[in-house]
Amino acid sequence: MDTNRYCIIMAGGIGSRFWPISRSDRPKQFLDILGTGKTFIRSTYERFRTIIPSENFLVVTNSSYKGLVLEQIPELREGQVLCEPLGRNTAPCIAYAAFRMKAVNPQATMIITPSDHLILDESTFLETIKAGAEFAEAHDALVTIGLKPTRPATGYGYIQVEPAMLENGVNRVKTFTEKPTLEVARMFVEIGEFFWNSGIFIWRVETILEAIRRFLPDTYQLFSSIAPYYATPLEQGHINRIYPECRGVSIDYGVMEKADNVYVRCSDFGWSDIGTWGSLYEYMPKDDAGNANEGAAIPFDTHNSIIKLPAGKIAVIEGLDDFIVVDTDDVLMICPKNNEQNIKKFIDTVKFEKGDGFI
């Protein structure tokens, strides 16, 4: 186990696309949505724990979720949870972690991962991570992990690669494309040199800090202005002070799409970001009518639907096709699967009618 490698888990999102199961006080990453007996963040920790020592983890999350992180990953010390006072997308999140790492171990390799992904083939996944880390450690490289697409998905970003493969199975990146149309996504899959962008990154501390300095100088200046306070009792107070000044920008748009030292290690390990009810449906067991029925629902003439009920609740459902039915203690949502992009609108309406307590 390489003690110079660190895993940074990004766990600050509110998981709004999984409303009404995911709520602001306990979002998706802290739930066992897959029914495995483990929450997403716990599964993420255990996956990396086989190659990263417990003391080499950092979790970056919203300050209101610090207790949930420590509850679900009790192996961590309190100082391993970096608390954002408000969300500012992934670039400030990663900048914060990088400056903390510079104070703790400036020679470290950072493996950045979301907290809420599904990985089916963990052995291949870990081999891919190791190969990416070895390349990042040997070069001035920003490495991301790409996945062989299994369908023309429009909800993922795509990475186009140079055909020549380098050592460790790494390719240089040609282009990034965010969430293409279905027609373009089909073309990407046919061409064969486009891969899904997993949102997993690997780099040395000095490499990412130099990239942030070049391409996000305002972000770099804010975090460098409090350099003496990282890994001290004064860190949180200064983070709380500067965070509202941070520009909300993703690391993909802010750095990866602009830098010329970006590489990708492509693989196929059964990956999904499980970002929507529709994507969850793909991985749930189904009955003969194609229904993913989690609970005590009794379907009649209902097909290809996802149904989630609380324990002890019975529902009789007739005549639905390709629907999402989710019941909680205080909210029942029924909508067509192909309209799930309206969930944000549902949340805004409920918030207006009932207040934030339902969100």
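Refer to the structure printed above.
My aim in this report is to walk through the structure given alongside it, one point at a time. Keep in mind that this is a model prediction, so the values were computed, not measured.

## Some points on the overall build of the protein chain
Then step 1. Helix and strand counts for the protein chain come out as eleven helices and 17 strands.
Then step 2. In summary, the protein chain has a C-alpha radius of gyration of 21 Å against a globular reference of 21 Å for 359 residues, a match within 12%.
Then step 3. With respect to the principal axes defined by its C-alpha atoms, the protein chain has extents near 60 × 50 × 35 Å.
Then step 4. Scored against the burial criterion, the 359 residues of the protein chain give a buried share of 53%.
Then step 5. Look at the contacts in the protein chain between residues 6 or more apart in sequence, and 66% of them connect residues 24 or more apart.
Then step 6. Within the structure as shown, the protein chain displays about 15800 Å² of accessible surface, and the carbon and sulfur contribution to it stands at 51%.
Then step 7. Here the protein chain contributes 36 positively and 47 negatively charged side chains, and the mean placements of these two sets differ by 4 Å.

## Thoughts on the packing of helix 6 (residues 205–215) against helix 7 (residues 217–224)
Then step 1. At a minimum axis separation of 5 Å, helix 6 and helix 7 run at an interaxial angle of 120°. Classified by the angle between their axes, helix 6 and helix 7 sit oblique to one another. On helix 7, the residues touching Leu209, Ile212, Arg213, Arg214 and Phe215 of helix 6 are Pro217, Thr219 and Tyr220.
Then step 2. A class-by-class count of the residues in the contact of helix 6 with helix 7 yields five nonpolar, one polar and two charged.

## Considering the pairing of strand 16 (residues 323–327)
Remark: a regular strand shows side chains that alternate across the two faces of the sheet.
Then step 1. Of all five residues in strand 16, four are buried, a share of seventy percent or more.
Then step 2. Across three bridges, strand 14 (residues 306–308) lies against strand 16 in parallel orientation. The residue of strand 16 that forms the bridge with Ile306 is Ile324.
Then step 3. Of the pairings in the sheet, the one linking strand 16 to strand 17 (residues 332–336) comprises five bridges and is antiparallel in character. Bridge pairing in strand 17 links Asp327 to Leu332.
Then step 4. The loop that links strand 16 with its antiparallel partner strand 17 comprises four residues.

## Structural notes on the packing of helix 3 (residues 90–104) against helix 6
Then step 1. In the contact formed by helix 3 and helix 6, the axes pass within 10 Å of each other and the chain directions differ by 130°. Considered as vectors, helix 3 and helix 6 are oriented oblique to each other. At the point where helix 3 passes helix 6, the crossing takes the left-handed sense. Seen from helix 3, the contacting residues are Ile94, Ala95, Ala98, Phe99, Met101 and Lys102; seen from helix 6, they are Val205, Ile208, Leu209 and Ile212.

## Quick look at unusual backbone geometry
Then step 1. Cis geometry is adopted by the peptide bond preceding Pro20, which originates at Trp19 and carries an omega value of 10°.
Then step 2. Among the secondary structure elements, Pro20 is positioned in the loop between strand 1 (5–10) and helix 1 (40–49).
Then step 3. For Asn168, which is not glycine, the phi torsion reads 60° and is therefore positive.
Then step 4. For Asn168, the position within the fold is in the loop between strand 7 (158–165) and strand 8 (170–177).
Then step 5. Although it is not a glycine, Ile274 sits at a positive phi angle of roughly 40°.
Then step 6. Assignment of secondary structure puts Ile274 in the loop between strand 11 (271–272) and helix 10 (277–283).

## Remarks on the environment of Leu31
Then step 1. Of note, Leu31 is situated in the loop between strand 1 and helix 1.
Then step 2. Separated by 91 residues in the primary sequence, Leu31 and Glu122 place their C-alpha atoms 20 Å from one another.
Then step 3. When neighbours within four sequence positions are excluded, Leu31 is seen to be in contact with Ile21, Ser22, Arg26, Lys38, Thr39 and Phe40.

## A look at the pattern of salt bridges
Then step 1. Counted under the stated rule, the structure contains 18 salt bridges.
Then step 2. We note a salt bridge from Lys66 to Glu78, for which the minimum N-O separation is 2.9 Å. Here the residue Lys66 occupies a position in helix 2 (residues 66–72), and Glu78 occupies one in the loop between helix 2 and strand 3 (81–84), the gap between them amounting to twelve residues.
Then step 3. Overall, Glu78 belongs to the exposed group, its relative accessible area being 51%.
Then step 4. Residues Lys174 and Glu193 are paired through a salt bridge, measuring 3.4 Å at the closest nitrogen-oxygen approach. Separated by 19 residues along the polypeptide, Lys174 in strand 8 and Glu193 in the loop between helix 5 (182–191) and strand 9 (194–204) bring together distant segments of the chain.
Then step 5. The exposure class assigned to Glu193 is partly exposed, which follows from its relative accessible area of 23%.

## Some remarks on the nonpolar core
Within soluble globular proteins, side chains that are nonpolar generally end up buried alongside one another.
Then step 1. Counting 49 residues, the largest nonpolar core has Ile8, Met110, Leu142, Trp203, Ile208 and Phe223 as the members making the most contacts within it.
Then step 2. The element best represented in this core is helix 3, accounting for nine residues.
Then step 3. One finds Tyr45, Leu68, Phe194 and Trp271 within the second-largest nonpolar core, a separate group that totals 43 residues.

The rules we used
Residues numbered from 1 in each chain as written. Predicted model: local features only at pLDDT ≥ 70, side-chain atom pairs only at ≥ 80, totals over all residues. Heavy atoms only, no water. Helix = DSSP H or I, 4+ residues; strand = E, 2+ residues; numbered from the N terminus. Rg over C-alpha atoms; globule rule 2.2 N^0.38 Å. Buried < 20%, exposed > 50% of the residue type's maximum accessible area, 1.4 Å probe, protein only. Contact = heavy atoms within 4.5 Å. Areas by Shrake-Rupley, 256 points an atom, 1.4 Å probe, with all protein chains shown as cover. Lys, Arg positive; Asp, Glu negative; His and termini not counted. Charge placed at Lys NZ, Arg CZ, Asp CG, Glu CD. Axes fitted to C-alpha atoms, helices over the stretch in contact; angles between N-to-C directions. Parallel < 35°, antiparallel > 145°, perpendicular 65-115°, else oblique. Nonpolar A, V, L, I, M, F, W, Y, C, P; charged D, E, K, R; others polar. Pairing = 2+ DSSP bridges. Left-handed = near helix turned anticlockwise from the far one by under 90°. Salt bridge = Lys/Arg side-chain N within 4 Å of Asp/Glu carboxyl O. Core = buried A, V, L, I, M, F, W, Y, C linked by side-chain atoms within 4.5 Å.

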